[in-house]
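Listed below are the residues making up each chain.
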Amino acid sequence: MVTDNSEADVKKINHILAGYKGESNLLIQVLLEIQKELRWLPKEGLIRISQELNVPLRQVYHAVTFYKAFSLVPKGKYTVTVCVGTACHVRGSPRILDRVEQTLGINSGDTTPDFKFSLETVNCLGCCAMGPVMVVGDVYHGKLSLDQVRRILDSYD
Ligand code: FES
């Protein structure tokens, strides 16, 4: 389970930062690496980034809160993204989202207690002809039916 400031998280953060000392222009790259490794950006990590890259902490927080790719809370192993854009909406995405929420037992924006799934919505994934579309991790599931939702989610370890 992911915990704030765990020893393992700090080790991973220090390992990543070791190659970037003083590289203030690489702030976003460092944030992306740590986000990818930990699936979130703990407060301790932001302080260490600020110190090691010589970037004001205020600037680090600004970047983290500006980009949707970053999270200040622990995220699940898999991000489930349900498209609720117009093309998907008219093809039934509200019912798909309801089914995903029922299946996972969480609402959009939340993470399952076991940190397996985080659920998000998006306004278009750029593949409207495939609607309704759900992405799990980096796998797109298009022309989705209600019956497929549980089977797809159950297939992830
Ligand atoms: S509206 Fe869903 S992919 Fe474009």
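All figures in this text were calculated on a predicted structure; none of them were measured in a lab.

Visitor: I'd like a description of the domain arrangement of the protein chain, backed by residues and values.
Guide: Domain boundaries assigned for the protein chain yield domain 1 (7-66) and domain 2 (78-154). Domain 1 and domain 2 are separated by 30 Å when their C-alpha centres are compared.

Visitor: Go over the nonpolar core with me, naming the residues and quoting the values.
Guide: Counting 15 residues, the largest nonpolar core has Val80, Val82, Ile96, Val100 and Met134 as the members making the most contacts within it. Only strand 1 (78-83), helix 6 (93-104) and strand 2 (117-122) provide two or more residues apiece to this core. Judged by nonpolar contacts, the second largest core, of 14 residues, contains Ile34, Trp40, Val55 and Val64.

Visitor: How would you explain helix 2 (residues 27-38) if you had to name every residue and give the values?
Guide: One turn of an α-helix holds 3.6 residues; hence residues three or four places apart share an orientation. For helix 2, spanning twelve residues, the distance from its first C-alpha to its last is 16 Å, which sits close to the expected 16 Å at 1.5 Å a residue. For helix 2, the full list of buried residues reads Val30, Leu31, Ile34 and Leu38. In an axial view of helix 2, the angular spread of the buried residues amounts to 100°, which keeps them on one side of the axis. For helix 2, the exposed residues lying more than 90 degrees away from the buried face are Gln29 and Lys36. Directly after helix 2, the chain includes arginine 39, whose backbone phi takes a positive value near 70°.

Visitor: So what's going on with the pairing of strand 1? Which residues, and what values?
Guide: In summary, the side chains of a regular strand alternate between the two faces of the sheet. Of all six residues that make up strand 1, five are buried, and the element is covered over most of its length. Both strand 1 and strand 2 contribute to a ladder of six bridges, which runs parallel. Bridging from a neighbouring strand, valine 80 pairs with leucine 119 of strand 2. Bridge count for strand 1 against strand 3 (residues 134-136) is three bridges, and the pairing is antiparallel. Following the sheet pairing, valine 80 is matched in strand 3 by valine 136.

Visitor: Tell me about the packing of helix 3 (residues 43-53) against helix 4 (residues 57-66), and please be specific about residues and values.
Guide: In contact at an axis separation of 9 Å, helix 3 and helix 4 are set at 125° when each is read in the N-to-C sense. Looking at the two axes, helix 3 sits oblique to helix 4. The element helix 3 and its partner helix 4 pack so that their crossing is right-handed. Contact residues: helix 3 offers Leu46, Ile47, Ile49 and Ser50, while helix 4 offers Leu57, Val60, Tyr61 and Val64. Residue classes in the contact of helix 3 with helix 4 are distributed as seven nonpolar, one polar and no charged.

Visitor: Tell me what's going on with unusual backbone geometry, and back it up with residues and numbers.
Guide: With an omega of -5°, the peptide bond running from glycine 131 to proline 132 counts as cis. Backbone geometry places arginine 39, a non-glycine residue, at a positive phi of 70°. Tracing the backbone shows arginine 39 in the loop between helix 2 and helix 3. Notably, asparagine 54 is not glycine yet its phi reads approximately 60°, a positive angle. If you trace the backbone, asparagine 54 turns up in the loop between helix 3 and helix 4. Looking at asparagine 54, the number of C-beta atoms within 10 Å reads 10, which means it is exposed.

Criteria and thresholds
Residues numbered from 1 in each chain as written. Predicted model: local features only at pLDDT ≥ 70, side-chain atom pairs only at ≥ 80, totals over all residues. Domains from an automatic or database assignment. Core = buried A, V, L, I, M, F, W, Y, C linked by C-beta atoms within 7 Å. Buried ≥ 20, exposed ≤ 12 C-beta atoms within 10 Å, placed from the backbone. Helix = DSSP H or I, 4+ residues; strand = E, 2+ residues; numbered from the N terminus. Expected span 1.5 Å × (residues − 1). Arc of directions from axis to C-beta. Pairing = 2+ DSSP bridges. Axes fitted to C-alpha atoms, helices over the stretch in contact; angles between N-to-C directions. Parallel < 35°, antiparallel > 145°, perpendicular 65-115°, else oblique. Left-handed = near helix turned anticlockwise from the far one by under 90°. Contact = placed C-beta atoms within 7 Å. Nonpolar A, V, L, I, M, F, W, Y, C, P; charged D, E, K, R; others polar.

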